Amino acid sequence: MPTSFDVAIVGLGAMGSAAAFHLARRGVKVLGLDRFAPPHTFGSSHGQTRIIREAYFEHPVYVPMVQRAYALWDELARESGQRIFLQTGGLMIGRPDSAVASGAKLSAKTHELPHEILSAKQIRERFPALHPEDDMVGVFEPRAGILFPEVCVSGHLDLARRHGATLRFDEPALRWEARPENVTVRTAKGSYESSQVILSAGSWINSLLPGLKLGFRVERQVLYWFDSAGRPELFSPERCPIHLWQFDARRYFYGFPDLGDGVKVARHHDGETTTPDSVCREVTAAEIEGMREVVRRFLPAAAGALRAATVCLYTNTPDEHFWIDRHPEHARVLIASPCSGHGFKFSSAIGETLADLIMRGRSEFDLSLFGKR
C-alpha cells in the first residue's frame, strides 16, 4: 500500500466520508483513516435518522450551505442508488420569542423560503400527534425531512473508494507531525505522509490537538424510540412532520414520525460532559422516565413502551456553531467536524467545502462563524 498521499483524512464519519468522496472524485490521492469501521455506533453519525431543515433557527448564514447540501444529497442518492432522504415537512415549535421560533422565522424571511406560521391550535388540528401549549407557535417549512445517516456515510465511502481513495478502517491515528513541506500521520500500523491533513475525528478531535485549547466539549446524548400509546397512524410520515421544540425557556427536544421502529425522540443538549472513551453507554431508568415525561406533555400518543435507546455524542464548540478552519499553527492541517450536534444535514456540503479549501484555499460559503474569531 502506498504511504504518500495528497490528503490524509482522520475520521470517516459524516464529514470525513463526504470529504473523501469529493476529493477523490476530483482526482486527489486520498487516504482515509478511522479507528472503527464506519458507519459505526460509537460517535455522532448513527441512529437511523437525522433531521434536515432549511429555515435554520441557529443563524441565516447556514441557509445557503444547507440548500447546497440538499442538492448534494440528491446527487449522492442518484450515484449510490440508495434512498438518502424522505421529505416530511418540518415544524419548529416554541413561544413566539423563543430562539427556535423567532430564528426559524428570521431565516425563512431573510432567504424568502416557503413557510407558514401556525398557532398552537392550528398545529394540533393539522398534526394531531403534536400537542403544543397554547402560548406556542410553529414555523412550518415544507422542504424539511429525514436523512438516513448510515446510508449517507456508507454511500460517500463506497463512492470515494470507487474514485480511488485508500480507506483504512480499524486504524486510529495516534498522532501527526507537521513540517513545512508535508504532514506525517502515525498509526499503530504505519506512517503516512501527505501534503495536507483534514482532522474530522468528531468526538476524538481533542486527542489529536494536544496543547491546543479550542474549547471543544464532548456531550453525551441519548436517542429514544417509543411505541405509540394509541392511534399509531398519527405518526405516519404522511401525517407527522419532523419537529423541534423549545420549551421551559432553554430546553429543547426533537422528534420524527414512526418509520417502523417506533417514534424517535431526543433532547437537544443538556447532556453531561464526557469523552468518547469514557462515556457511559448504558441508558438509565431515570433518563427514560425523564424523556417519557416530555413525550407525555407534547406527544401524548407516543408515550408507549420504550422500544430502544442508544447513546450518541455531540462535539460542541464554545458558541455551538461549527468549526471549519485551519490549525492556528500549521497551515497544512484543516480542523473540521465539531458541529455542536446540528451538523449531519450539512455534511454533504461540508465535504465539498473541505475539498474546496484543500484545493483552492477558499469556499463559496461564508465561513466567518466557523472558526477562531
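You'll find the structure just up there.
Residues numbered from 1 in each chain as written. Predicted model: local features only at pLDDT ≥ 70, side-chain atom pairs only at ≥ 80, totals over all residues. Heavy atoms only, no water.

**Points about the packing of aromatic side chains**
Aromatic rings considered in pairs are described by the distance between their centres and by the relative angle of their planes.
Argument step 1. The tally for this structure, following the rule as stated, stands at 22 aromatic pairs.
Argument step 2. Taking the centre distance of 6.1 Å and the plane angle of 15° together, the rings of Tyr224 and Phe226 count as stacked.
Argument step 3. Given the relative accessible area of 0%, Phe226 is considered buried.
Argument step 4. Taken together, the ring pairs in this structure connect Tyr56, Tyr62, Phe322, Phe346 and Phe370 into an aromatic cluster.
Argument step 5. For Lys29, the ring lying beneath its charged end belongs to Phe5, and the centroid distance is 5.6 Å.
Argument step 6. Note that Arg143 overlies the ring of Tyr70, its terminal NZ or CZ placed 4.0 Å from the centroid. (Phe/Tyr/Trp six-rings, centres within 6.5 Å; stacked < 30°, edge-to-face > 60°. Buried < 20%, exposed > 50% of the residue type's maximum accessible area, 1.4 Å probe, protein only. Lys NZ or Arg CZ within 6 Å of the ring centre and 35° of its normal.)

**Let's talk about the pairing of strand β2 (residues 30-33)**
Argument step 1. What you see with β2 is no split at all: Val30 and Gly32 on one side and Leu31 and Leu33 on the other are buried throughout.
Argument step 2. Relative to β2, strand β1 (residues 4-10) runs parallel, the two sharing 4 bridges. Note on β2: the bridge partner recorded for Val7 is Val30.
Argument step 3. This β-α-β element, β1 to helix α1 (residues 14-25) to β2, shows right-handed connectivity.
Argument step 4. Relative to strand β9 (residues 166-168), β2 is paired through 3 bridges, and the arrangement is parallel. Bridge pairing in β9 places Leu31 opposite Thr166. (Helix = DSSP H or I, 4+ residues; strand = E, 2+ residues; numbered from the N terminus. Pairing = 2+ DSSP bridges. Right-handed = clockwise from strand over helix to strand, strands pointing away.)

**A short note on unusual backbone geometry**
Argument step 1. Residue Pro38 is joined to Pro39 through a cis peptide bond whose omega torsion reads 0°.
Argument step 2. Along the chain, the position of Pro39 falls in the loop between β2 and β3 (50-52).
Argument step 3. Residues other than glycine seldom take positive phi values, yet Asp270 does so here, at roughly 75°.
Argument step 4. Position of Asp270 relative to the elements: it lies in the loop between β16 (263-267) and β17 (273-274).
Argument step 5. One non-glycine residue, Glu320, lies in the positive phi region at around 65°.
Argument step 6. Position of Glu320 among the secondary structure elements: in the loop between β18 (306-316) and β19 (324-326).

**A short note on the packing of helix α2 (residues 63-80) against helix α7 (residues 347-360)**
Argument step 1. Running from N to C, α2 and α7 cross one another at 100°; their axes reach a closest spacing of 7 Å. In terms of orientation, α2 and α7 fall into the roughly perpendicular class. Counted together, Met65, Arg68, Ala69, Leu72 and Trp73 of α2 and Ser347, Ser348, Ala349, Ile350, Glu352 and Thr353 of α7 form the full contact between these two elements.
Argument step 2. When its residues are assigned to classes, the contact of α2 with α7 shows 6 nonpolar, 3 polar and 2 charged. (Axes fitted to C-alpha atoms, helices over the stretch in contact; angles between N-to-C directions. Parallel < 35°, antiparallel > 145°, perpendicular 65-115°, else oblique. Contact = heavy atoms within 4.5 Å. Nonpolar A, V, L, I, M, F, W, Y, C, P; charged D, E, K, R; others polar.)

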